[in-house]
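The chain contents come next:
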Amino acid sequence: MRAQIIDGKAYADGLADRITATIPAFTEKTGRVPGLAVILVGSDPASEIYVRSKGRKTRELGMASFEHILPAETGQTELVALVEALNADNRVDGILVQLPLPDHIDELAVVRAIDPRKDVDGLHPESAGRLVSGRPGLVSCTPLGCLMLLRDQLGDLSGLDAIVIGRSILVGKPMGQLLLGANCTVTMAHSRTRNLADKVRQADIIVAAAGQAGMIKGDWIRPGATVIDVGTTRAVVDGKRRLLGDVDFAAALERASAITPVPGGVGPMTIMVLMHNTVLAAHDRAGLPHLQLW
Ligand SMILES: Nc1nc(=O)c2c([nH]1)NC[C@@H]1CN(c3ccc(C(=O)N[C@@H](CCC(=O)O)C(=O)O)cc3)C=[N+]21
Ligand SMILES: [Mg+2]
């Protein structure tokens, strides 16, 4: 079998059109456009690139972007004060604090300061609780993007065996909850999991989010499985800068029925779901009907 490549960029472009189409009616009813604020503390070059590309996309889609790039020495009190100012700013519908934060800042304290209605990253305990209990709320961008791709590829996921490798608060844990909510039987694997290969071999759906380049080998993949690769490890291969996924892509191509490439798979979805969550938050805050765009 030769796997189909799941084109995350193409799906994201389609979602972009559906997002853009909601904005004129929103503006007519509210007199403004949806707005997204992104906060970056410190000057990690990769993070700066993400923040700028998020800002560019936000404006491309017709929304307002507020970018706050703060020095690494910024204190927690100052950061929380900025979040509170953005909570109070009616032009801002979504607040994203780029993680990780410097060690002297308690991430949870900052995330808790975000108004849950503006929590477009789904990181607030209120958002996490809503996801677990099946109530409506904002869901982390990367896992929601993965679910959109899986639903587009496979339709109903009921009864399928899924494995999530990685248990981060931003990706693995919410991914497991989303798959459970879609009626999959979910295995959560992580760095202490024994016999990982055997567990991956049982799965119809593999979501690799461990952040270890090439750790999922081709012969672990059940023939016909659907593979979502969340990994993005920066590396230099044969003198060229490369972005590497968690899956041995060439080998997986021979076994999977469908697989996301890196780059061009999950990455473009993450950014577009951020835009999606921002328009959802904007509609919710304005008291407008809930949007369903996927
Ligand atoms: N609170 C928070 N929320 C995040 O969502 C978050 C974060 N912190 N910290 C950093 C990570 C990283 N991240 C990516 C977003 C888009 C691409 C993306 O667009 N990747 C492209 C390639 C980009 C390239 O070539 O560098 C692709 O995979 O095709 C990658 C990574 C979001 N993150
Ligand atoms: Mg992990």
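Residues numbered from 1 in each chain as written. Chains lettered and ligands numbered in written order. Predicted model: local features only at pLDDT ≥ 70, side-chain atom pairs only at ≥ 80, totals over all residues.

Draft legend 1. Broad picture of the UniProt feature "binding site: NADP(+)" (unreviewed entry) in the protein chain. Mapped onto the present numbering, the UniProt feature "binding site: NADP(+)" (unreviewed entry) falls at G166, R167, S168 and T232. Here G166 is to be found in the loop between β5 (161-165) and α7 (172-181). For G166, a count of 23 C-beta atoms within 10 Å corresponds to the buried category. Residue contacts for G166: discarding those within four places in its chain leaves V171, G172, H190, A209, A210 and G211. On the secondary structure map, S168 appears in the loop between β5 and α7. A tally of 18 C-beta atoms within 10 Å means that S168 is categorised as partly exposed. For S168, the contacting residues outside a window of four places in its chain are K173 and A209. (UniProt positions renumbered as here; feature names shortened; annotations may be inferred. Helix = DSSP H or I, 4+ residues; strand = E, 2+ residues; numbered from the N terminus. Buried ≥ 20, exposed ≤ 12 C-beta atoms within 10 Å, placed from the backbone. Contact = placed C-beta atoms within 7 Å.)

Draft legend 2. Structural context of the site of ligand 1. Taken together, 18 residues lie around ligand 1, and Q98, L99, P263, G267 and T270 are the ones closest in. Elements that contribute at least two residues to the shell around ligand 1 include exactly β4 (94-97), α6 (141-154) and α10 (266-285). Here the residues of the shell around ligand 1 sort into 11 nonpolar, six polar and one charged. (Near = placed C-beta within 6 Å. Nonpolar A, V, L, I, M, F, W, Y, C, P; charged D, E, K, R; others polar.)

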